Amino acid sequence: MKSITAALLLSVATLVTGSTLTIPISVFDNADQLTSVIMTKRYLQRRVLGAAPLTNLYSDTLYTVPVTLGNPPQPFSLAIDTGSPYTWVTSNTCTGAGCQNVINHFNCNLSPTCKVHPTPLNSSYVSGTGVFGILVQDTYNIGSLQFTGIAGVANVDDVQLPPTADGILGLWYYPRIGASTILNVLKNSTALTQPVVGIWMQAATIQGATAPGGEITFGGVNPQRYTGDITYIDCVAEHPWTIPLGGMRIGNTIIPTTGILAAIDTGTSAMLMPKSYADQINSAIPGALQALNLNGLWILPCNGTTPITFTFGTFVANIPYSSLAMQNRRFQVTGRPGSYCQSSAMFPTGVVVPIEEWLFGASFLTTVYSVFDFGKNEAGGGRIGFANLATAGSPPGTNGTTGNGGQGGDTNNNGTNGNSGSSNGTGSGGNTQNAASSVIPASNIAMQAVVLLVAAIAAMI
């Protein structure tokens, strides 16, 4: 990969200089595909660095954007994925089960600017699936943004994609010398006004179909999508787009978070964490049930009012109950009134490795406006910002310049304890565990849920 990078960085050709653009996102939701097994595979994929630079794509919930590759442009619908280092598409000569559903295929022979590199694309995972092929250098177009970058082109694809996605748009940022990810390439060019990506993700409302899913802004943020200041937290070195989790409260229960790292992952639907924490979170919800015959899956009453907060630096994210109890994944339990919804706080099953960092996916990201800044804290891998979403009736654009791109006021947090950051981003964090109730050690939390062998759960789709 290093041999390609030098040539790539020298040949970045940007036709639009210093631009900021906002692109609509589409969302595809498939409730049947969100299981603890798939979430485990997702976690295992993130553990692979360098040798296997691709991420398998599971079709539970996909957020896609239109992208073209080549000259003349060949169109693709790619899933935005901050948990994947590289972009990949499917070749026109592809074989394997994963090629069948893909609508758009890339043909290097049709693009005079396509350059094939000797480094092979070879990615296999614990799940037994894999993507194999070549790496090419060619022209990308994302809206009006044009640049030269590296893409994987799969000749053999065993990963099953839904027909709405042709591959992934890898948005990993890794400040290692020799990295040739899209964000690294853009950072070393003049393509963007700022080395920043702002993301507003809408929750999926329709199952099995494509619907509006928010928007992504390259080169800045969209002030119309958030209110108040953006609070920034420095990423942890060697852990792309990963930040410390400073606090967690479910109802009146405060769960200790010392040492917990959270990977902010747009390619993940729910949240993945060690089983002990998933049990603590879910058992704090009145009426929660655990189904032993579904790998210990937690299901929650679909209707509830339990307050839920996650704290990053000084930013306190108030999570709607409906985001923890996923409303589009419903069950009925024999002998119990009302509907139950699958919990988004999940734990790995099957072949696992120790959880080094939690995965925070769409169930969290749809509740905040998120910013991925790869211009600050370069040695540590950038920083992530959060802001509260703008609501109907709230004045948009009060924290930045008019139109897209203004970052507005912001607070920077470099840790979980310290003084509040100032508006110029020089602060060092804030105390996040200042709730009135006492901290309950994990070993003392009683299981409030009834553990069931749910033999008669009928999915309500």
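For clarity, every value in this text was computed on a predicted model and none was experimentally measured.

1. Some thoughts on the nonpolar core
One broad rule of soluble globular proteins: the nonpolar side chains tend to lie buried together.
Alright, step 1. Core analysis: the biggest nonpolar cluster contains 82 residues, and Leu169, Ile216, Phe218, Phe312, Phe360 and Phe386 have the highest contact counts within it.
Alright, step 2. Residues contacting Ile216, with those up to four places away along its chain left out, are Leu21, Thr22, Ile23, Ile25, Val65, Ile80, Leu171, Val197, Gly198 and Ile199.
Alright, step 3. Listed in part, the nine residues of the second largest apolar core include Val196, Trp200, Ile230 and Ala387.

2. Some points on the sheet that holds strand E12 (residues 242–244)
Alright, step 1. What the five strands build is an open sheet, ordered E12-E15-E24-E16-E23; its pairing is mixed. Every other strand in the sheet has two partners, leaving E12 and strand E23 (345–346) as the edge strands with one partner each.
Alright, step 2. Note: strand E16 (residues 271–272) against strand E24 (residues 358–360), two bridges, orientation antiparallel. Looking at E24, one finds that Met271 is bridged to Phe360.

3. With respect to the side chain of Gln74
Alright, step 1. As for its placement among the helices and strands, Gln74 is situated in strand E3 (residues 74–81).
Alright, step 2. Every residue in contact with Gln74, bar those within four places of it in the chain, is listed here: Val67, Thr68, Leu69, His105, Phe106, Asn107, Leu110 and Ser111.

4. Let's talk about unusual backbone geometry
Alright, step 1. Residue Pro72 follows Asn71 across a cis peptide bond; omega there is 5°.
Alright, step 2. With respect to the helices and strands, Pro72 occurs in the loop between strand E2 (61–69) and E3.
Alright, step 3. One non-glycine residue with positive phi stands out, namely Trp241, at about 50°.
Alright, step 4. You can see Trp241 is positioned in the loop between strand E11 (226–234) and E12.
Alright, step 5. Not every positive phi belongs to a glycine, and Asn377 is a case in point at roughly 50°.

5. As for the state of the cysteines
Alright, step 1. Counted according to the given criterion, the structure contains two disulfides.
Alright, step 2. Residue Cys108 pairs covalently with Cys114 via a disulfide, S to S 1.9 Å. Here Cys108 and Cys114 share a disulfide; its torsion about the S-S bond, -110°, makes the bridge left-handed. Taken as a pair, Cys108 and Cys114 share a single burial class, namely buried.
Alright, step 3. Residue Cys302 pairs covalently with Cys341 via a disulfide, S to S 2.1 Å. Here Cys302 and Cys341 share a disulfide; its torsion about the S-S bond, 105°, makes the bridge right-handed. Residue Cys302 is found in the loop between strand E18 (297–301) and strand E19 (308–312), and its partner Cys341 is found in strand E22 (residues 340–343); the two are separated by 39 residues along the sequence. For the pair Cys302 and Cys341, one class covers both residues: buried.

Calculation rules
Residues numbered from 1 in each chain as written. Predicted model: local features only at pLDDT ≥ 70, side-chain atom pairs only at ≥ 80, totals over all residues. Heavy atoms only, no water. Core = buried A, V, L, I, M, F, W, Y, C linked by side-chain atoms within 4.5 Å. Buried < 20%, exposed > 50% of the residue type's maximum accessible area, 1.4 Å probe, protein only. Contact = heavy atoms within 4.5 Å. Pairing = 2+ DSSP bridges. Helix = DSSP H or I, 4+ residues; strand = E, 2+ residues; numbered from the N terminus. Disulfide = S-S within 2.5 Å.

Purely spatial values, then, with no claim about function.
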